[in-house]
Each structure stands twice: as structure tokens, then as C-alpha cells.
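Examination of the molecular architecture
Here is what each chain is made of, one letter per residue.
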Amino acid sequence: MVQFTPEDLKQTLDTLRRPLWMTRFGMRAEVAVRSLWPLLTVLLLALAAAMMGAHEVLPLEAIWAGIGLIAGAALWAMVYAVRRWVWPTDVDAMMRLDSSLPGRPITALLDDQAIGGGDDASAAVWRAHKRRMAARAAAAQAVPGDLRVSSRDPYALRYVAVLAFAVALMFGSIWRVGTVAQMAGGGTTALAAGPVWEGWAEPPRYTGRPTLYLNDLAEGPLELPVGTLITMRLYGEVGALQISETVSGTVAPPDPDAPPAIAFDFKVNQSGTIAVDGPGARTWDVALRLDEAPEITILGEPEVSAMGEMRLPFAAKDDYGVEAGEARIMLDLASVERRYGLTVEPDARPEVTVPLPMPIAGDRAAFEENLIDDFSEHPWANLPVTVAMTALDAAEQQAQTAPMQMILPGRRFFDPTAAAVIEMRRDILWSRDNVKRTAQVLRAVSYLPQDAFRSETTALRLRKLIGRIETQARFGLDEENQNLLAQDLWDLALELEEGDLEDARERMKRAQERLNEAMKNGASDEEIAELMQELRRATEDFMQQLQREQAERQDGEQQQQGQQQQGESMQMTQDDLQRMMDRIQELMEQGRMAEAEQALRELQEMMENMQMAEGQQGQGGGQQSLGEQAMEGLAETLRDQQGLSDQAFRDLQEQFNPNAQAGENQGNEGRNGGQGRGESHEGQQGQGEQDQQQGEQGGGGEQRQGENGEADGQGQGQQESLAERQQQLRDELNRQQGNMPGRGTPEGDAARDALDRAGRAMDQAEQNLRNGELADAIDNQSQAMEALRDGMRSLGEAMAQEEQGQQPGQGTQESDRRASNRDPLGRSQGSNGATGSDNEADLNGDAAGRARELLDEIRRRSGEAARPEVERDYLNRLLERF
């Protein structure tokens, strides 16, 4: 019978020695865990209870009951372990290892050939089978033991025991285990050894300090916060131990008839000593740690928004944290200018109390915050007041700032009639004795309603309010009706100031008048910025309304009439309006109010007397749609953002290698001829005059960009900081988002989402630039540019969808308008929103005749008195020149 030789079998089994040993070790660990887990659970729970000192607080009967319960559980656990303890043998390990291999190769190696032993062919097959089984056995790996006992412990008691033991290790003491034997020896065994004491020092909770176990503290110095509660307990023979202290500051006369105390509770109010006299005596020298009073400071003057919202910065600190604070506002009657309705004594009003904002998260030990509130409707708005802030800590200690004199911020009204109504409202709230005078003044204001009101509705509302005021003056004004009249007057003033105009032309006129009044009355920068933004929105709405009217009119008129109207009217693009308004805002911010008023008057005259047309673009000079305007504006914003990012990158390079940057900038010409020296600033402040001259000269968009780049390179030292430029770009993006077409379509909504992402990235970049984090700012600027590109892509898809939905025949009309859109010299309109072009005049070969016609037309227009003076001055200058 043919089989493996003993040497071959021994060699194969030698390779299995290590896997067999590891498998046997895993099986033994498996048996130990499955048999001993109840016993380990009981032991860990018992140790945890002893380490946490449960036997020190429980009554003796409960301790004995616990010991009996633990002993019974341990006995059951040992019986459980013995019944399930089956120690694995080598054969068990080999069988488990063999069963883990395919075909059980170890068993096959130990088998002999049963039949066919005399057949050479059969013997050869058997040897081949043995060799395959030997190869499989050689690749055997140890089988890990199964240590899972979840099926035997469905309630996870083992995890409860482990968790309790871990808590005891962190918060308990291993030395407490030794005291169990003393207590278990008898109810009085521990006491027989002598009297003992225990003590705890519990600092106030707001300090965040842990409770101290005095038995664990050695004698010597001990620092405790003021208000710490000391608890002492004495055990054993009464009178064997005495407690003395000088930290509470209270001295009680001794009572000879009272039994000796075994419990002491007192608070640490001063430095002193705490002593335990008797067996195990101990003394501590306590140093008191005082709780400092909080501090609060007003950091500066209040900032006021255009709508009257106040932002008052302050700083507060405390050693353990500020709990709360408040601001108290009181009328500074001595500083009030007592005239008109303020001459009478004011009605008694309580001081205004406003809670101060506290940090929601973070440390309150030292912080800076802003008190933000709107007092526009308060009776003391725009009157002298004093403001005092108070901070409170957890120990109820207070700190107060010195009273700060200021004018209580409130909304200002620039419409004269609205301002008069608000002043009368203030007089009624000042004193109810002003009610008669208020009715008289309001009657005088509304004497000629056609001059004071734009709407008969508001005039009627004021007339009814005057009737109510006169009735109250006759029968007496109580506090409830006083507040109702004040609210009605406030609502009326808002309607007079802001209006409820559906017509875009009237809204634009109202915005211009409010801005003019603001310049006369010395408005703040925030108010001017808000009014300029309102004027921009109203002007854009008006131009959109005018576009719709022109489109409707052109659909019903002949092409020849449209050509005549275009030839006789002066063209002004939306970019021209934008530059003029930028120029007005720049003059106001520089304090040049006279020039700003003159520029505003010119804008009003041009808006009233000239036809406003959209900028022209395309090969035929076709009229731009809203989508094309939005696309052009986003493209310019993207270019400006790219330039700003390049400037930030150059500043970052200069921080690390200032010597190499100077040579690198030479010859580094980017977009607009100067990007290597600085970014492009189309549309930024400081370029208003140059851009206006560009528009009057009819230069193309690329020429304007080139000149802007050169001006920016020459005046780099006069430009605002990078953070302010980033904020201007963010404001421009906000304006463009308000005019974005395609609302309600998937493409339009996607464009708006992309622009929202760009706006958030710009805000982050601005904050990074203000903090000097140029690298982070460049990353956020890159995200903003990527979001702008996504928005332009989605906007282009929305425009394509709109073009597919046009009615037949619109393309022909558009071509006719482009063909007829030429200036008085026969040139086609420029592209990219510019007026005029650089092309040569198309005079059809009759230059002299065309020149005579132009001169005759200029003379005729200069003689028309109905034309604006600025237009006639311009025409007269042309006649003097030619």
C-alpha cells in the first residue's frame, strides 16, 4: 500500500506547529471568557462600589445585605464557570484548524489508501492527492477564538460593570477598598479604633472648581475662593474631636449646656485657619481668593445706519465671566434745546432699559459686543440722552460705566412734510399739553395740500388726524390716545417719506427729491449711501418701464417715425447714468455738497427732458435686452474680481520676497494695460470723471477699460484698501442680482444660486483682507470667480430659452431697428453699451451738403427756448467753434 513516508508527514506537520499552538491558545481564551464573564462582572461591580465609598455612606445593615448579595452572586458565577469549563486538547485544536481548510487536508494526510494499493495508476493518483493536501495544509492559518458572549449576556451586564469600574478609577479611590474589611468585622470595629472625621470644601459653582476632600489634603497653605462651603463631620466618641476656624468671620458665644457638635457647616469669607483638634489633628492656613468685580467699557461713539438703527460697541470682562448686563438710557434734560414744542415741561417717562447681548458660545471672561437697537419711534429719538451700561457677575457684583452723553439715534426724514409730521409727533409725546399747538401747526402745513402732498389720499389722512387731535385737545388727551396718535403720525410720515408709488417715474422723482433734501440738511454718510442706493433702484426701474413703453410704441408706429424720433433725441445709456450717480456719491462723500447738488440738478434735467435708451451692442448696434445687460455687468464684475485677486496675490508675494517683486512687476502688463501694476477698476470710485468724459466722447468699451487701467496704475497710492474694493464689488453684485432676468425658470434660479455663492465668497474674502489673511482671501476670491462663471453660464442658458420662445416676426423687427439705429453723422452705434463709434461718417458722397444740414439743425435747436439750458449752451458752443 503506497503512502507518504514518515519524513514527508513529519515535515508537513512541522509546518502546522505554530498555527496549531495559536488555535489552541484562542480556544482556551474562548473557554475562559465564556466561563468567567459572570464572575468578572460581579467582581468589577463590587470593586466599583467600594472605590466610590458606597460603604461609607450606607447604613451598616445595607452594607451587610450588599456583601451577602455579592457573595451569593460570586458563588453562582463560580458554579457557572465550573460547569462550562472544558479545557481544549491538541486534538481539538487540530480538528478546528482542519475544519477551517477546504477539503480537510490534515485528516487526508493522516489517512491511508483503502483499495487499489497494488495498482500503480491508483497509487499515483493517491500520491498526487496527498501532495495537494500537503500544499493546502502548509498554507493553514491559526483560527481565532470566538470571544463573543452576547448570546449569553443579552442585557450587556458586562459592559455595565466595566463602565462602573472606569468611573470608579477616575472619581474614586482604590484606598477605600481597604476600609471595607474594617466595617465588615463588626458594627463598632471602626469606631473602636478611635474617633475619625471627614471634611469637604465646595467652591461656588460659578467658579468651575471641583469639590475638595479635606482628608486627602496635607496640612499647610490652602487657597479657596470666597464663598466656599466647608462641611465637617465627626464620628466616634463625642467630644474627642474639636473643630476651630477663623475663616467665616462669625464668632458665636459658647453655650455650656449644649452638647458637643458633630457637624459643622460654614463659608469662607476671609483668610484664616481651619483646625481639627484631637486624634488625627490637622490644620490648614486658608488664603482667600477674592472674586473681582466685573468691568465694562463703552468703546466709542455709536454708529447709525441710514434707517436709524444704532450700533454701540462695548467691552466687558470678569475673572469668572459676566452673567448679564443692561444699558440704561435717560433723557439729558439740561442739554435739550428748549424751543417750540420743547419749551413746556416734559411728561414723566421711565428710563429706557435694554439688555446687553452676551456671547452665546465661548468664554465670557473677556469679550466685545455691540448693542444694536432701533429707537426711531421712541419719544427721545434725536434728543440728548445719557447712556450708562451695567455688568453683573455670578456673585451679583455690579460694575457701571460713566454716563455717556449722546444724541439718541433715530431715523431722519428728508421729505419736508414728513419731517414736519415727525416733529409734531415728537411734541405730542414730549407733553400732552402740546396737543393744541400740534393741531395748529399741522393745519398750517396742510393749508395748500396741492403743494405739500403728492397724493390726495395722504392729504385726507392728515386732515382726519388733525380732526382727532383737535377733539382730544378739547376733551383732554390720555396716555392711550397719545400713543395711538403717535403711531398714526408715524405711519403717515413713513408714507410721505417713502411713498407708495406704482409708477417708476414718480419713485425716481421722489428719490431725487429726498437725496436733495439730505444734502441740504447735512445727512450722514450712511444715510447718503442708503438714499443713493434707493435712487439707483428707482432709476433702474424707470429705465425698464421706459423700455417696455418704447417697445409697445415701436410695435404700433412706422419705422420712419421711429427713425425720426431717434434722430431728434439725445441718447443716454444705463452706463452713463451709473457713472453720473457714482460721481454724485463721490462728491457727497468728499463733502463737496455744492458740486453734488449741481450734478444732481443736471441729472434731474436730463431725466426729465431726454429720452433714455439702452446701450447698444452687436454687429448692427442692436438694442440690448435685460439678459444681455445682466451678462455684460457680470462679465465686468468677473474682470474686476480677477484684477483684485491679482493685486492680492502680488501683495502676498511682496510679503515673502519684496526684492524680487519689484523686478517682476516691470513689463508685467495684464488686462487693460496695467494689471501688472494694479487691478482694473472700471466702475470704482475715483474714476467717475474719467468715465463720464469717456461716455461723452463716445469711446468704445475697450478704450474705456484701457484708460481706466492706466489711471489705476498711476493713482495706485490714492486707491482705497483691498477690503473696501472687495466690499464695493459685493455691493455691485447685490445691485446686479436685483435686475437678474429669468425668475421662476430652472436656469434663472440656478444663476441666482450661483451668484449667492459668489456673494458669500466675496464676504469671506473681504473679512480675510481686513484680517490680513491674503492667502485665504485669494482662495475665497477664486471661489467667487468660479461661482460668477457658473452664474453667467446659467444666465446664458436662460437667455437661450427665452430666444427660442420668441414669436415669429420679432427677428425681422429687431433687424429693422438695428439697421435704423444710427447717429446724426450716419454712423452705427457703438458696442458694449457705449454711445457713438470710431467708424468714419457715412455721408453718401455729399459732405458739404450734410455739413450744412447739421449746422442748420444746430441753429434751429439752439433757438428753442423750451430746450434745457445745458443743452442750448452745448449747442451754442458748437456754433462758436464751427
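The preceding data block contains the structure.
Read on for a plain summary of the structure. (Residues numbered from 1 in each chain as written. Predicted model: local features only at pLDDT ≥ 70, side-chain atom pairs only at ≥ 80, totals over all residues. Heavy atoms only, no water.)

Focus: the sheet that holds strand β6 (residues 263-267)
Strands sit in the order β2-β1-β4-β6 across an open sheet of four strands; the sheet is antiparallel. The sheet is open, and its two borders are formed by β2 (212-213) and β6, each paired with just one other strand. In this sheet, β2 lies alongside strand β1 (residues 196-202) in antiparallel orientation, the contact comprising two bridges. Following the sheet pairing, Trp200 is matched in β2 by Tyr213. (Pairing = 2+ DSSP bridges. Helix = DSSP H or I, 4+ residues; strand = E, 2+ residues; numbered from the N terminus.)

Observations concerning the packing of aromatic side chains
Under the defined criterion, the tally for this structure stands at nine aromatic pairs. Arranged with centres 6.0 Å apart and planes meeting at 15°, the rings of Trp21 and Phe25 form a pair that is stacked. Of this pair, Trp21 and Phe25 both sit in helix α2 (residues 17-51), separated by four residues, roughly a single helical turn. On the basis of relative accessible area, Trp21 is assigned to the partly exposed category, the value being 46%. Pairing Trp200 with Tyr213 gives two aromatic rings, centres 5.9 Å apart and planes at 50°, and the pair type is tilted. Placement of the pair is Trp200 in strand β1 and Tyr213 in strand β2, with a sequence separation of 13 residues. Within the aromatic cluster, the residues linked to one another by ring pairs are Trp37, Trp76 and Tyr80. Taking NZ or CZ as reference, Arg411 lies 5.3 Å from the ring centre of Phe413, over its face. (Phe/Tyr/Trp six-rings, centres within 6.5 Å; stacked < 30°, edge-to-face > 60°. Buried < 20%, exposed > 50% of the residue type's maximum accessible area, 1.4 Å probe, protein only. Lys NZ or Arg CZ within 6 Å of the ring centre and 35° of its normal.)

Here's the deal with a positive patch on the surface
A contiguous patch of positive charge, built from Arg127, Arg131, Arg132 and Arg136, is present on the exposed surface. Mapped onto the elements of the fold, Arg136 is located in helix α7 (residues 120-138). (Patch = residues over 30% accessible without salt bridge, like charges linked within 9 Å, V, L, I, M, F, W, Y side chains within 5 Å. Areas by Shrake-Rupley, 256 points an atom, 1.4 Å probe, with all protein chains shown as cover. Salt bridge = Lys/Arg side-chain N within 4 Å of Asp/Glu carboxyl O. Lys, Arg positive; Asp, Glu negative; His and termini not counted. Charge placed at Lys NZ, Arg CZ, Asp CG, Glu CD.)

Description of the packing of α2 against helix α4 (residues 60-83)
As a packed pair, α2 and α4 sit with axes 7 Å apart at the nearest point and diverge in direction by 165°. By the angle between their directions, the pair α2 and α4 is classed as roughly antiparallel. The interaxial crossing formed by α2 with α4 has left-handed handedness. Contact residues: α2 offers Arg34, Ser35, Leu36, Trp37, Pro38, Leu39, Val42 and Ala46, while α4 offers Ile70, Ala73, Ala74, Trp76, Ala77, Met78, Tyr80 and Ala81. (Axes fitted to C-alpha atoms, helices over the stretch in contact; angles between N-to-C directions. Parallel < 35°, antiparallel > 145°, perpendicular 65-115°, else oblique. Left-handed = near helix turned anticlockwise from the far one by under 90°. Contact = heavy atoms within 4.5 Å.)

Some thoughts on the nonpolar core
Core analysis: the biggest nonpolar cluster contains 24 residues, and Leu356, Leu371 and Met389 have the highest contact counts within it. Looking at this core, the elements with two or more residues in it are β9 (295-298), β11 (309-317), β12 (322-331), β13 (352-355), β14 (366-374), β15 (384-393) and β17 (404-407). Dropping the residues within four chain positions of it, Leu356 is found in contact with Ile296, Phe314, Gly325, Glu326, Ala327, Leu371, Met389 and Thr390. Ile428, Leu442, Leu462 and Leu485 belong to the second largest nonpolar core, which has 22 residues in total. (Core = buried A, V, L, I, M, F, W, Y, C linked by side-chain atoms within 4.5 Å.)

Quick look at a negative patch on the surface
A contiguous patch of negative charge on the surface is contributed by Glu309, Asp374, Glu377 and Asp491. You can see Asp491 is positioned in helix α15 (residues 479-498). Judged by relative accessible area, Asp491 falls into the partly exposed class, the value being 31%.

A look at unusual backbone geometry
The backbone of Ala156 shows a phi angle near 55°, a positive value even though the residue is not glycine. Note on placement: Ala156 falls in the loop between α7 and α8 (157-171). Accessibility expressed as a relative area gives 25% for Ala156, which makes it partly exposed. The backbone phi angle of Asn382 is positive, close to 65°, even though this residue is not glycine.

Quick notes on α15
In this model, α15 (20 residues) spans 29 Å end to end at C-alpha, consistent with the 28 Å of a helix rising 1.5 Å per residue. Taken together, the buried positions of α15 are occupied by Gln482, Leu485, Ala486, Leu489, Trp490, Leu492, Ala493, Leu496 and Glu497. (Expected span 1.5 Å × (residues − 1).)

Let's talk about the pairing of β15
For β15, a buried count of nine out of 10 residues is recorded, marking the element as mostly surrounded by other parts of the structure. Relative to β15, β12 runs antiparallel, the two sharing nine bridges. Paired with Ala327 across the bridge in β15 is Met389. The pairing of β15 with β17 spans four bridges and is antiparallel. Opposite Val387, over in β17, you have Met404 as the bridge partner. Judged from the three bridges that link them, β15 and strand β16 (residues 398-400) form a sheet pairing that is antiparallel. Bridge pairing in β16 links Leu392 to Gln398. Counted between consecutive antiparallel strands, the loop separating β15 from β16 contains four residues, among which Glu396 sits at a positive phi close to 65°.

Points about the packing of helix α25 (residues 722-738) against helix α26 (residues 746-770)
The N-to-C vectors of α25 and α26 enclose an angle of 165°; their axes lie 9 Å apart at closest approach. As summarised for this structure, α25 and α26 are arranged roughly antiparallel, according to the angle between their axes. Of the two possible hands of crossing, α25 and α26 adopt the one that is left-handed. Of α26, the residues touching α25 (which contributes Leu722, Ala723, Gln726, Gln727, Leu729, Arg730, Leu733 and Gln737) are Arg752, Leu755, Asp756, Ala758, Gly759, Arg760, Met762, Asp763, Ala765, Glu766, Leu769 and Arg770. Looking at side-chain class alone, the contact of α25 with α26 contains nine nonpolar, four polar and seven charged residues. (Nonpolar A, V, L, I, M, F, W, Y, C, P; charged D, E, K, R; others polar.)

Here we look at the environment of Asn768
Following the sequence through the fold, Asn768 ends up in helix α26. With relative accessibility at 7%, the residue Asn768 sits in the buried group. Taking C-alpha positions, Asn768 is 8.7 Å from Asn780, a pair spaced 12 residues apart along the chain. Among residues more than four places away in sequence, those in contact with Asn768 are Glu773, Asp776, Ala777 and Asn780.

A few points about the pattern of salt bridges
Between side chains of opposite charge, a pair can form when the charged atoms approach closely. Evaluation of the coordinates by the stated rule reveals 25 salt bridges. In this structure, the salt-bridge partner of Arg96 is Glu30, at a minimum N-O distance of 3.1 Å. Of the two residues, Arg96 sits in helix α5 (residues 90-99) while Glu30 sits in helix α2, which places them 66 residues apart along the sequence. For Arg96, a relative accessible area of 26% puts it in the partly exposed group. Take Glu30: its relative accessible area is 10%, and that puts it in the buried class.

Thoughts on the sheet that holds strand β7 (residues 272-277)
Taken together, four strands build an open sheet; the order of strands is β3-β8-β7-β5 and the sheet is mixed. Sheet topology places β3 (220-225) and β5 (242-245) at the edges, where each strand pairs with a single neighbour. Geometrically, the sheet is characterised by an average inter-axis angle of 25° between neighbouring strands, direction not taken into account. When β7 meets strand β8 (residues 282-289), the two strands line up antiparallel, connected through five bridges. Within the sheet, the bridge partner assigned to Thr273 lies in β8 and is Asp285.

A few points about the side chain of Arg24
The topology assignment puts Arg24 in helix α2. The exposure class assigned to Arg24 is buried, which follows from its relative accessible area of 15%. Excluding residues that lie within four positions of it along the chain, Arg24 makes contacts with Pro88, Thr89, Asp90 and Ala93.

A few points about the side chain of Thr228
Structurally, the position occupied by Thr228 is in the loop between β3 and β4 (229-235). Residue class for Thr228 comes out buried when judged on its relative accessible area of 0%. A distance of 2.6 Å separates a polar side-chain atom of Thr228 from the backbone oxygen of Pro225. (Polar contact = N/O pair within 3.5 Å; in protein donor to acceptor, adjacent residues only side chain to side chain.)

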